[in-house]
Amino acid sequence: MQNTYSEKENIMLGFYIGSYYVSIPIIQGGMGVGVSLSGLASAVANEGGVGVISSAGLNLIHRNAALSFPEANTEGLKKEIRAARKKTNGIIGVNIMVAMSNYGDIVRTAINEKIDIIFCGAGLPMDLPSYLTPESKTALVPIVSSARAAKIICNKWLTTYQRLPDAFVVEGPRAGGHLGFKYDEIENPDYKLENLVSGVLQVLNSFEEKYHQKIPLIAAGGIFTGKDIFDIIQKGASGVQLGTRFVTTKECDASLEFKKAYLNAKIHDVEIIQSPVGMPGRAIRNGFLEKVKAGLKVPVKCPFHCIKSCDVENSPYCIILALYNAYKGNMEKGYAFSGTNAYIAEKITTVKDIFKELWTDFEKAANQYGFKPATI
């Protein structure tokens, strides 16, 4: 995804997240369990985007009988960050859920490992700046689903820590995995991504004007093509976050069977489910989920209690184990989270080829409006 224009450049791509310059405005979404580890993250970073390691379920991926769940999780994160550093000199981030029971330990580990960026969602990261050390250069990026959430975080961080977020991700209801919306909001046109971007931008602009600090906005949820990227950047976003698009790549860390779930999916197979953690989620229909609907799955004793909000007593299955099984290719005992566009994937490709295709599509869309994109 490289610039081919030398003059009349009127769409300038690239922006800063803290002290890190993102030359290509693509952030790879953090996908757990095991879908985005050091392999996928480093490949995206090598193309000029931001690669993101998911911190969810690393205790299962890096099993160690001598360690407790929290210890195994943080040790696994260390291994993935260090593995990514060996594969790239690009920008690497970590996705951390506020809802995780060992959230604080994971944040500290990421900062101690000198991760470039922390993306933090599944709850409002009100105390995230408190984990920074004086020498830390880690940028902090909350993930929100509303302008109200962005305003609350900005005010809290200013009051308590005298700082603003380095950027925001606003995730719309077409995203994959757990969604920050009520069921009746998911298909409501008022919650379309472009509307969310507009609302959050109004909030951020007010803080930018008052405190003279740029706060880039990264749009996420349902973005799949270069034209999608062009359209949302035209709405004011600085960049985009893509998750689903990178699953069917050779570099994606999930099993081939997991990727085949995407390749074999039809549009009607991508559905909204009720997650044991108490939130709606988007996944690809399969036999496991059909058994859940039929009541054939029975509650299990929680082996980890990894998510604070998980309804352990009434859950028909352990979500972390189900996602881990899918990551390993055992789809009879798990399922694949996905965004709305999972069914579009037709083949296993490479991260490099996806970047090339996205840039070609972006240029084509820009040219139709008389624009010429450029990176600086």
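Owing to the predicted nature of the structure, the values given are computational and were not obtained by experimental measurement.

1. Brief notes about the confidence of the model for the protein chain
Atom-level detail of predicted coordinates should not be read off regions where pLDDT is low.
Argument step 1. Per-chain confidence: the protein chain averages 90 in pLDDT, with 90% of residues scoring 70 or above.
Argument step 2. Counting interchain partners and residues more than four positions distant, the pLDDT-below-50 stretch residues 1-8 has 17 contacts.

2. Focus: unusual backbone geometry
Argument step 1. A cis geometry characterises the amide bond from G32 onward to V33, with omega recorded as 10 degrees.
Argument step 2. Position of V33 among the secondary structure elements: in the loop between β4 (26-28) and α1 (38-46).
Argument step 3. One non-glycine residue, K114, lies in the positive phi region at around 60 degrees.
Argument step 4. We classify K114 as exposed; its relative accessible area is 64%.
Argument step 5. The phi angle at A122 is positive, at roughly 55 degrees, despite the residue not being glycine.
Argument step 6. Inspection of the secondary structure puts A122 in the loop between β7 (117-121) and β8 (139-144).

3. Observations regarding the side chain of T109
Argument step 1. Looking at where T109 falls in the secondary structure, it is placed in helix α4 (residues 103-112).
Argument step 2. T109 gets classed as buried once you look at its relative accessible area, which sits at 8%.

4. Some points on α1
Argument step 1. The buried count for α1 comes to eight of nine residues, which makes it a mostly enclosed element.
Argument step 2. Looking only at α1, the buried set comprises S38, G39, L40, A41, S42, A43, V44 and A45.
Argument step 3. Following α1 by one or two positions, G48 adopts a phi angle in the positive range, close to 100 degrees.

5. Overview of the nonpolar core
Argument step 1. Core analysis: the largest hydrophobic core is formed by 107 residues, its most contacted members being I26, I118, F168, F246 and Y335.
Argument step 2. With 17 residues, the next largest nonpolar core counts F15, V52, A167 and A220 among its residues.

Rules and cut-offs
- Residues numbered from 1 in each chain as written.
- Predicted model: local features only at pLDDT ≥ 70, side-chain atom pairs only at ≥ 80, totals over all residues.
- Heavy atoms only, no water.
- pLDDT = per-residue confidence, 0-100.
- Contact = heavy atoms within 4.5 Å.
- Helix = DSSP H or I, 4+ residues; strand = E, 2+ residues; numbered from the N terminus.
- Buried < 20%, exposed > 50% of the residue type's maximum accessible area, 1.4 Å probe, protein only.
- Core = buried A, V, L, I, M, F, W, Y, C linked by side-chain atoms within 4.5 Å.

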